[in-house]
Amino acid sequence: MKRLLGFLLFVLLSEERSLHLPSNGLPEFMDYADLADLDLENLPFALENRRYQRSIFDDQESDKVMENVDDQITLYSYKVKSTVTSRVANTVVQCKVVNNSPYSQNVELDVQIPRGAFVTNFSMIVNGVTFTSTIKERTVARGLYAQARARGKTAGWVSNSLDMENFKTEVNVLPGSNVQFELHYQEVKWRKLGSYEHKLYLKPGRLAKHLEVDIWIVEPQGISFLHVPENLGDHFEGVPVITKSKQKGHVSFKPTVDQQRKCPNCSETAVDGQLVIKYDVVREKKAGELEVFNGYFVHFFAPENLDPIPKNILFVIDVSGSMWGIKMKQTVEAMKTILDDLRAEDQFSVVDFNHNVRNWRDDLVLASKAQITDAKKYIEKIQPNGGTNINEALLRAIFILNEASNLGMLDPNSVSLIILVSDGDPTVGELKLSQIQKNVKQSMQDNISLFSLGIGFDVDYDFLERLSQENHGVAQRIYGNQDTSLQLKQFYNQVSTPLLRNVQFNYPQEYVTDVTQNSFHNYFGGSEIVVAGKVEPDKLDHVESIITATSANTQLVMDTLAEMEDLDAFLSKDKHADPDFTRKLWAYLTINQLLAERSLATTNIDKKKITRTILQMSLDHHVVSPLTAMLIESADGNERMLADAPMDQKRPCCRGALSTGKKTAQSSIPSWAKPPPTMGPMSVREAPVLISTPPPHVIRVENDPHFIIYLPKSQKNICFNIDSEPGKILNLVSDPGTGVLVNGELVGAKMPKNKKLSTYFGKLAFYFQSQDTKIEISTEMITLKNGHHTTILSWLDTAHIVHKKLLVSVKKEKTVNITMDGDMSFSVLLHRVWKKHPVNVDFLGIYIPPTNKFSLNAHGLIGQFMHEPKVRIFNERPGRVPGKPEASMEVKGHKLTVTRGLQKDYRTDIVLGTDVPCWFVHNSGKGFLDGHYKDYLVPQLYSFLKEPFKNV
């Protein structure tokens, strides 16, 4: 009888197992030996699977019993803790389920995690048995799993939606027992459209006695804004609690059991959706934020206040038969919105293709209202049909851009883009994907970026990804079961505003190694470029970076320094900051970039070499990558589960810049960033860094404001003060012959001192007519205007801007140096004071070499002395103040009494200054100046002097 029962049971179990496969695709079997463990005398209670239990009751009794059983499954706690430190997010999901029923129950953990996140750890306690995880090479993990398969337990990933994927595990819990799960994963937050988005999908499945979500955001740069969109719906209005300080934010979501209920008397939970946190950081440094800690550095670069670069854009749209219906309708809707968003200076055209290829226009046209309207009408008339000729469509688009470039029809500073939208594989023309890839690469000029959008699940996404990665772009999957139109528009918005091209990061120091991708084809507004590397902290006291790039109207060189101990104090005092964030971010970038290189490898040798590196890094950093898997096992190794990432999982590489790139030699600086050996009195090194030794003799304007005029022929310094009022604008140089203008606007002290209100230069303005360039320097920022283009720099930047023959160099919190074609140079010093000082304010000093080549018509408070007057000083005698002798001075037909004194030059010592002896002219320079000082007042910041006047 027992044999018969055993045989029937084996058949029953075999049938059941055939219906239930673990999500990793590996079948589970029960051996004959397993039957020996069953208590055949109490068979109904020994069968632990819930579906086996249902089979021993009739349908009516079964439903009643299982309804009661469901009520006795208690979700005791569901907790999510997430910390974000400098864009590196670590998330832990914990839950505890108690089985209060008299039967064993299957319990499933289903957690949605962001696509591209690295799972780093998983553990659980089931029926008193603890399971822990290890990361192993994929085939090794599968082999171990096959040796001792877990009974009644599965684990793995299931690809799910647009940007999330599911981690699932199912276990059987004995009566009166509980199961505890804990899942760890990490990800990098990528900036899109001006903000970071941290997304947690909350799906407890039932009411939880304790439901707690805590998100801590720690950003050394400072947090500019933080808010929580109402993704969970009106039901939870007011439940999330948000607190924010300068560098830290906290979001808490802890609804009570009653708040979780869908309705007052419901047993279902309303917690089923996304908790989204959006934030951005404070951005003051043009050269980005360079953070060094624990032997690694990370460099975040997201410059703002730059003019958009004009773009030449070809939209290549699949109109084959498979696009019929909602796909085509939503694509047309998206294209109409996208066309409306083109800027007037952009050029564009549309290529649509099925088995044939058609152009809306044979040439690129400017995005005028009339052309946009005509293009929208053309797109609306498209009727999908026929096959898919991707090869010819792409070659046609490339031809249009190449021809326009060869004929000189493209702005040399513009950016050329191709956006391919397709939902299937090629069916007409060239069908071999590798050959299409080769054809595109051979035809594509280096200045074109190809972005591929694959709609739906039929498209060969791997092919589109390789195609884009090889041609300075990225691919993105567009999910057909979502809002296709919205996805297309969101992607276009990410590439609609190119701000920089040919962005190159260099870290020239010897002990900076293993730098991630540091060359980027384009930088788009609202995104962020992230570069990381290793440093040897015991051999360096700081890390230096030099960034070169081309903007809409200038060529930029920006550099920044980060001290090795800058973050030590900050991270040590904050318990929520992750001290390992630099290592994790470097590993994340490196692994993903190696995966991209692996997909493009042309030889098996190269591919194997890259594979070995990826595998070793995945093991060293304990992450599940496409080459590793997570083996979850009991302490004795008898029960094992396998967590395996989806085979089609594609991880983001270099998404911050929406461009693939490469690593380049650290010392490579473009030729345009290397100024000539000598550029007037201010020389520049190749690096390029301003030489620290300033020329010894210059004309200086410092303090309140005090002028020191150096006369080269007589080798004397003559000085005078100007006493005026806040808001007045003084002309310093007015030279209609060369078209050069320098004016200064006065700012007053906070209060009078000794009944006198001191004034200083709070703003300086330079105009170079031949360059059509205005440079405005205040104590807050530096603004460059060239025609309709504007570039804004902060005093927190170190940057070098080259425009035609003009070089502008900013040294962080110290100086701005302006050099014009080697003929002229100006230096502006920033003087910072204690913010709470009761009297003093920030102000500027200006230094001008007397060798500047102005015309004979140059005038102004300083300009008039570029052509040295004849000065005779004689009859030196003791003065009324001890130590300050007096003398007589003859100049411009006047005989003056002057006093010997000391004034300050702050170029080599910004705090204490260097004493400069000079002869002081009283009464605001009367007699030494042409006319009265009030004659040098001008109405506007860029006003020339009306008439040169003579001394009277």
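Keep in mind it's a predicted model, so treat the numbers as computed, not measured. (Residues numbered from 1 in each chain as written. Predicted model: local features only at pLDDT ≥ 70, side-chain atom pairs only at ≥ 80, totals over all residues. Heavy atoms only, no water.)

A. Layout of the confidence of the model for the protein. On average, residues of the protein carry a pLDDT of 83, and 85% of them reach 70 or more. Contacts from residues 667-693, a stretch scored under 50 in pLDDT, to residues over four places away or in other chains number 56 contacts. (pLDDT = per-residue confidence, 0-100. Contact = heavy atoms within 4.5 Å.)

B. View of the packing of helix H10 (residues 390-406) against helix H11 (residues 433-443). Axis separation between H10 and H11 bottoms out at 10 Å; the angle between their running directions is 5°. With respect to their mutual orientation, H10 and H11 come out roughly parallel. Listed contacts from H11 to Asn391, Leu394, Leu395, Ile398 and Asn402 of H10 are Ile436, Asn439, Val440 and Ser443. Among the residues forming the contact of H10 with H11, the class breakdown is five nonpolar, four polar and no charged. (Axes fitted to C-alpha atoms, helices over the stretch in contact; angles between N-to-C directions. Helix = DSSP H or I, 4+ residues; strand = E, 2+ residues; numbered from the N terminus. Parallel < 35°, antiparallel > 145°, perpendicular 65-115°, else oblique. Nonpolar A, V, L, I, M, F, W, Y, C, P; charged D, E, K, R; others polar.)

C. Representation of the nonpolar core in the model. One finds Phe766 and Phe928 to be the most contacted residues of the largest nonpolar core, which totals 89 residues. At five residues, the largest contribution of residues to this core is made by strand E38 (residues 759-768). In this structure, Val80, Val84, Val107 and Ile277 belong to the second largest nonpolar core, which totals 56 residues. (Core = buried A, V, L, I, M, F, W, Y, C linked by side-chain atoms within 4.5 Å. Buried < 20%, exposed > 50% of the residue type's maximum accessible area, 1.4 Å probe, protein only.)

D. Examining unusual backbone geometry more closely. At Asn127, a position not held by glycine, the phi torsion is positive, near 55°. Summarising the element assignment, Asn127 is placed in the loop between strand E4 (118-126) and strand E5 (129-137). At Asn875, a residue that is not glycine, the phi angle is positive and equals roughly 55°. Within the element layout of this structure, Asn875 appears in strand E47 (residues 871-881). Accessibility expressed as a relative area gives 48% for Asn875, which makes it partly exposed.

E. Region of the structure containing the pattern of salt bridges. A complete count under the given rule lists 36 salt bridges for this structure. A salt bridge links Arg361 to Asp374; the shortest N-O distance between them is 2.9 Å. Remark: Asp374 occurs in helix H9 (residues 369-380) and Arg361 occurs in the loop between strand E19 (357-359) and strand E20 (365-366); sequence separation between them is 13 residues. A relative accessible area of 28% means that Arg361 is categorised as partly exposed. For Asp823, the salt bridge identified is with Lys853, shortest N-O distance 3.6 Å. Separated by 30 residues along the polypeptide, Asp823 in the loop between strand E44 (815-820) and strand E45 (824-831) and Lys853 in the loop between strand E46 (843-848) and E47 bring together distant segments of the chain. The network of salt bridges with common partners includes Arg87, Arg191, Glu219, Asp280, Arg283, Glu304 and Glu528. (Salt bridge = Lys/Arg side-chain N within 4 Å of Asp/Glu carboxyl O.)

F. A look at the sheet that holds E5. Here 10 strands make up an open sheet; going across it, the order is E12-E13-E10-E1-E2-E8-E4-E5-E30-E31 and the pairing mixed. Both outer strands of the open sheet, strand E12 (241-244) and strand E31 (640-643), are each paired with one neighbouring strand and no more. This sheet shows a mean twist of 15° between the axes of neighbouring strands, independent of strand direction. Where strand E1 (residues 73-85) lies against strand E2 (residues 88-99), 12 bridges are found, and the strand directions are antiparallel. Paired with Ser82 across the strands is Thr91, a residue of E2. (Pairing = 2+ DSSP bridges.)

G. Quick look at the packing of aromatic side chains. Enumeration according to the criterion identifies 22 aromatic pairs in this entry. One aromatic cluster is present, formed by Phe301, Phe505, Phe520 and Tyr523 through successive ring pairs. The aromatic ring of Phe300 is capped on one face by Arg87, whose charged end is 3.7 Å from the ring centroid. Between the NZ or CZ atom of Lys96 and the centre of the ring of Tyr76, over which it lies, the distance is 5.2 Å. (Phe/Tyr/Trp six-rings, centres within 6.5 Å; stacked < 30°, edge-to-face > 60°. Lys NZ or Arg CZ within 6 Å of the ring centre and 35° of its normal.)

H. Up close: helix H16 (residues 604-620). With 17 residues, H16 ought to run about 24 Å at 1.5 Å a step, and its terminal C-alpha atoms sit 24 Å apart, in line with that. Taken together, the buried positions of H16 are Ile610, Ile614, Met617 and Ser618. What you see down the axis of H16 is that its buried residues fit within an arc of 100°, all on one side. With respect to the buried face of H16, the exposed residues turned more than 90 degrees away are Asn604, Ile605, Lys608, Lys609, Arg612 and Asp620. Each element contacted by the buried residues of H16 is listed here: E5, helix H15 (581-600) and strand E30 (628-634). Count one or two residues on from H16 and you reach His622, which has phi positive near 55°. (Expected span 1.5 Å × (residues − 1). Arc of directions from axis to C-beta.)

I. Examining the state of the cysteines more closely. Evaluation of the coordinates by the stated rule reveals two disulfides. With a sulfur-sulfur separation of 1.6 Å, Cys263 is cross-linked through a disulfide to Cys266. Taking the sign of the S-S torsion, about 85° here, the bridge from Cys263 to Cys266 comes out right-handed. Residue Cys719 pairs covalently with Cys918 via a disulfide, S to S 2.1 Å. Between Cys719 and Cys918 the sulfur-sulfur dihedral comes to about 75°; the bridge is accordingly right-handed. Here Cys719, found in strand E35 (residues 716-721), pairs with Cys918, found in strand E50 (residues 914-921); they are 199 residues apart in sequence, far enough to count as distant. In the protein, the bonded cysteines, taken in the order they occur along the sequence, pair up as 1-2, 3-4. (Disulfide = S-S within 2.5 Å.)

J. Layout of the packing of helix H8 (residues 326-340) against helix H13 (residues 484-495). At a closest axis distance of 8 Å, the pairing of H8 and H13 adopts a crossing angle of 30°. Crossing handedness for the pair H8 and H13: right-handed. Residues Gln330, Thr331, Glu333, Ala334, Thr337 and Ile338 of H8 pack against Thr484, Ser485, Leu488, Lys489 and Tyr492 of H13. Looking at the contact of H8 with H13, its residues break down into four nonpolar, five polar and two charged. (Left-handed = near helix turned anticlockwise from the far one by under 90°.)

K. Representation of a nonpolar patch on the surface in the model. Taken together, the side chains of Ile910, Val911 and Leu912 define a hydrophobic patch exposed on the protein surface, amounting to about 300 Å² of accessible area. As for its position among the elements, Ile910 is in the loop between strand E49 (894-905) and E50. (Patch = residues over 30% accessible without salt bridge, like charges linked within 9 Å, V, L, I, M, F, W, Y side chains within 5 Å. Areas by Shrake-Rupley, 256 points an atom, 1.4 Å probe, with all protein chains shown as cover.)

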